[in-house]
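# Breakdown of the fold
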Amino acid sequence: SGTEVMEVEDIARLAVTMDYDAERDLVKYATLAPNAARLVQRAGDVALFWPADGHMPSLAVDPAAPGLVRKTVVKVPAA
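Residues numbered from 1 in each chain as written. Predicted model: local features only at pLDDT ≥ 70, side-chain atom pairs only at ≥ 80, totals over all residues. Heavy atoms only, no water.

On to the sheet that holds strand β1 (residues 4-10), then. The three strands lie next to each other as β4-β1-β5, forming an open sheet whose pairing is antiparallel. Each edge of the open sheet carries a strand with a single partner, namely β4 (37-41) and β5 (53-59). On average, each strand axis in the sheet is inclined to that of its neighbour by 25°, with strand direction left out of account. Strand direction decides the pairing type here: β1 and β5, joined by five bridges, are antiparallel. Residue pairing for β5: E9 is matched across the bridge by G54. (Pairing = 2+ DSSP bridges. Helix = DSSP H or I, 4+ residues; strand = E, 2+ residues; numbered from the N terminus. Axes fitted to C-alpha atoms, helices over the stretch in contact; angles between N-to-C directions.)

The structure is reproduced here in structure tokens:
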């Protein structure tokens, strides 16, 4: 439920700020590039990201009026 913006950019264009943490299955990058794709996600929408897709979720559609977003995230191991 709720609405959020996700920015997506090829990780080859991003600088790593935190190396990969296998326990958390997480790597952090510097702020996404200004030309990153912006996806507006609403209830019922699905987004699929590949290993080369750096993504920044949980951005407010209207920063002056952020709202609660509830979502399910599923990670599938990439071979």
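Right, picking up where we left off after that structure.
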